[in-house]
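As a plain string of letters, each chain reads:
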Amino acid sequence: MKNNFIILLMSLTMVWLTSCEKANSDVDTSDANGSAIGEVAGIWSKGTVQRITGDIIIPEGKSLTIEEGVTVLMDPTNKPEIVVLGNLYVLGTAESPVKFTVEDSYKTKENEFGKLWGGILAAPSCKELILDNTYLEYGGAVTSDASTSVKMRLYKQKAGEALPALWFSNVEGKLIVQNSTISHFYEDCTYIEGGKIIFANNRFFSNGVTGGEAMNFKSGSLADVAFNLIYSVNTNALKLSNSGDRTPQAHIFVYNNTMLNTGWRRPTAKGGSVWLEASVKAEIHNNIFANTRFGVKRDAKNPEDSRSVLSNNWYYGYDQLTVDQFQVGKNDIVGGTNDVRGKAAGENNPKFTAYPLETSVNNYVFDAAWDFHLQGNSPALKAGTSAFKPHFSDGLVLSNGLSYSSPKPATYVGAFGTKF
């Protein structure tokens, strides 16, 4: 009997070791492609392909670094989640970005709003998370009672929720998302509950079926949001809120962003461009709102902090309906100083280099040939202001020695100046 017990124990141990072969806490796949499930940490080195066959967890106190050119292929059958208890550093380059995606055969019309994998879920124990030159696409799967995030009480802590591409929740943590693209997600792209945050030079498009924002900030967030392109999200380009019980008060700088066609696919009171609520302190400057539903809009029953400042924002509407609905005094629209806000259709054309302004406001399909730089004779080139200082213009230093700074404000409006 004793010998049989020993044999059984050895067999179980071998099964456990086999199942964890690519899932140990210090996996270093720096020289090879791999697959992962369970706990991971170490390095996924440049140019490799990592196949994620089930939920992966970066343990607390550990880090995973993903180098340039890595492709992270998610299994649409198992719909994996990436749970970050430690730190995650995704370090792509413009020439060799990192991609969290699915096989091309799954990128169909039926799957255009994802739900083929979960998202990146950073628990309160996550101190640092970097997404640089990173693609996140075709995710947003709906949680179940069996989901790791539900069992760990992460995000909204319940089944039946469509996951965002990124959830972050540490008021003492540091979050940098730059030069990245989030597309083809079912609802929210990001849901941020605190931290020192930079969102800069990103693109958001083809997101949201029945709801969802490109960037959704809650209390505890000190954020600089700059030079982003946000195209046709279902609800708002940005939801700025101080909801929750976290300290500090949410204080968000939003400057030099280009927003187009946002909010029209959710024709309710909240669908729009920038939504302010719950005593958030917002500083909103130098943004272009082109054919968006509303402009900056407040929750009249629970408005923003009275110290909020808006200035030098640019509004354009191709038709009269669009122009009429972003007028201050209607629908709780918030105005600013030195705004450019005409009253007739076609007024204040920002003169993009290559974008048909008559494109339907319900269109969410992004054309890579579009160019939102401003033409050399654009009146928007001299309409901005640099008379403010974002939170992190002096930089955020990370524990691995990397440093990131918020971009300086430009004196043009929108995310792009002239091309040359």
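Residues numbered from 1 in each chain as written. Predicted model: local features only at pLDDT ≥ 70, side-chain atom pairs only at ≥ 80, totals over all residues. Heavy atoms only, no water.

S.K.: What is the right way to read the overall build of the protein from this model?
M.R.: Helix and strand content of the protein: three helices and 34 strands. Whereas a compact globule of 420 residues would reach a radius of gyration of roughly 22 Å, the protein reaches 22 Å, a difference of no more than 12%. For the protein, the spread of C-alpha atoms along the principal axes amounts to about 90 × 45 × 40 Å. Looking at the protein as a whole, 57% of its 420 residues are labelled buried. Contacts in the protein between residues at least 24 apart in sequence constitute 68% of all its contacts with a sequence separation of at least 6. Both charge centroids of the protein, one from 38 positive and one from 42 negative side chains, sit 4 Å from each other. (Helix = DSSP H or I, 4+ residues; strand = E, 2+ residues; numbered from the N terminus. Rg over C-alpha atoms; globule rule 2.2 N^0.38 Å. Buried < 20%, exposed > 50% of the residue type's maximum accessible area, 1.4 Å probe, protein only. Contact = heavy atoms within 4.5 Å. Lys, Arg positive; Asp, Glu negative; His and termini not counted. Charge placed at Lys NZ, Arg CZ, Asp CG, Glu CD.)

S.K.: Any chance you could explain the pattern of salt bridges here in plain terms?
M.R.: If the charged atoms of two oppositely charged side chains come close together, the side chains can form a pair. Summed over all chains, the structure comprises 11 salt bridges. A salt bridge links Asp394 to Lys389; the nearest nitrogen and oxygen atoms lie 3.0 Å apart. Three or more residues joined by partner-sharing salt bridges are found here, namely Asp104, Lys107 and Glu137. (Salt bridge = Lys/Arg side-chain N within 4 Å of Asp/Glu carboxyl O.)

S.K.: Looking at this model, I keep getting lost on the sheet that holds strand 13 (residues 174-178). Mind explaining?
M.R.: Pairing between the strands of a sheet comes from backbone hydrogen bonds, and it takes one of two forms, parallel or antiparallel. Sheet architecture is open: 10 strands sit in the order 2-4-7-10-13-16-19-22-25-28, paired in parallel fashion. In the strand order of this sheet, the two ends are held by strand 2 (42-44) and strand 28 (309-311), each with one partner. Adjacent strand axes in the sheet meet at a mean angle of 10°, parallel and antiparallel pairs treated alike. The pairing of strand 13 with strand 16 (residues 195-200) spans five bridges and is parallel. Each residue of the ladder has a partner; that of Val177, found in strand 16, is Phe199. (Pairing = 2+ DSSP bridges. Axes fitted to C-alpha atoms, helices over the stretch in contact; angles between N-to-C directions.)

S.K.: How should I be thinking about unusual backbone geometry in this particular structure?
M.R.: Trans is the common state for peptide bonds, and a negative phi is the common state for residues other than glycine. Of the consecutive residues Thr247 and Pro248, the connecting peptide bond is found in the cis state with omega at 10°. One can find Pro248 in the loop between strand 21 (238-241) and strand 22 (251-255). Of note in this structure, Ala278 is not a glycine but carries a positive phi near 55°.

S.K.: Even after reading the chapter, I still don't get the packing of aromatic side chains, so can you show me in this structure?
M.R.: With the rule as written, the count across this model stands at 22 aromatic pairs. Here Phe227 and Tyr412 contribute two aromatic rings whose centre-to-centre distance is 6.5 Å and whose plane-to-plane angle is 75°, an arrangement assigned as edge-to-face. Of this pair, Phe227 sits in the loop between strand 19 (221-226) and strand 20 (229-231) while Tyr412 sits in the segment after strand 34 (403-404), and the two are 185 residues apart along the sequence. Its relative accessible area of 8% is what places Phe227 among the buried residues. Members of the aromatic cluster, joined through ring pairs, are Phe205, Tyr231, Phe352, Tyr355, Phe366, Trp370 and Phe372. When the ring centre of Tyr135 is taken as reference, the NZ or CZ atom of Lys99 above it lies at 5.5 Å. The ring of Tyr186 is capped by Lys115, whose NZ or CZ atom sits 4.3 Å from the centre of that ring. (Phe/Tyr/Trp six-rings, centres within 6.5 Å; stacked < 30°, edge-to-face > 60°. Lys NZ or Arg CZ within 6 Å of the ring centre and 35° of its normal.)

S.K.: I keep staring at the state of the cysteines and nothing clicks. Help me out?
M.R.: Here a disulfide denotes one covalent bond, and it connects the sulfur atoms of two cysteines. This structure, assessed with the given rule, holds zero disulfides. Free cysteine: Cys126, not disulfide-bonded; nearest cysteine sulfur from Cys189 at 19 Å. (Disulfide = S-S within 2.5 Å.)

S.K.: Would you explain the nonpolar core in this entry?
M.R.: Proteins that are soluble and globular tend to have nonpolar side chains buried together. Ranked by size, the top nonpolar core spans 65 residues in total, and within it Phe100, Ile120, Leu129, Phe199, Phe217, Leu238 and Leu240 carry the most contacts. Excluding anything up to four places from it in sequence, Leu238 contacts Glu213, Met215, Phe217, Val225, Ile230, Val254, Met259, Ser273, Val274 and Trp275. Listed in part, the 19 residues of the second largest apolar core include Ile288, Phe352, Trp370 and Ala383. (Core = buried A, V, L, I, M, F, W, Y, C linked by side-chain atoms within 4.5 Å.)

S.K.: How should I be thinking about the environment of His391 in this particular structure?
M.R.: Following the sequence through the fold, His391 ends up in the loop between strand 32 (371-374) and strand 33 (396-397). A relative accessible area of 25% places His391 in the partly exposed class. Separated by 302 residues in the primary sequence, His391 and Tyr89 place their C-alpha atoms 22 Å from one another. Contacts of His391, omitting those with residues within four sequence positions, involve Leu222, Ala223, Asp224, His251 and Phe253. Polar contacts involving the side chain of His391 include one to the main-chain carbonyl oxygen of His251, which spans 2.9 Å. (Polar contact = N/O pair within 3.5 Å; in protein donor to acceptor, adjacent residues only side chain to side chain.)

S.K.: Quick question: what am I supposed to make of the side chain of Ser221 here?
M.R.: Looking at the element boundaries, Ser221 is found in strand 19. A polar contact is formed between the side chain of Ser221 and the backbone nitrogen of Gly194, at a distance of 3.1 Å. A distance of 2.9 Å separates the side chain of Ser221 from the backbone oxygen of Lys218, its partner in a polar contact. Residue contacts for Ser221: discarding those within four places in its chain leaves Ile192, Glu193, Gly194, Gly195, Ile197, Pro248, Gln249, Ala250, His251 and Ile252.

S.K.: Just checking my understanding: could you explain the environment of Leu131 for this structure?
M.R.: Along the chain, Leu131 falls in strand 10 (residues 128-132). Measuring from C-alpha to C-alpha, the distance between Leu131 and Gly92 comes to 7.9 Å, with 39 residues separating the pair along the chain. Every residue in contact with Leu131, bar those within four places of it in the chain, is listed here: Val90, Ile120, Leu136, Leu166, Ile176, Val177, Gln178 and Ser180.

The values reported here are purely geometric and, on their own, carry no functional implication.
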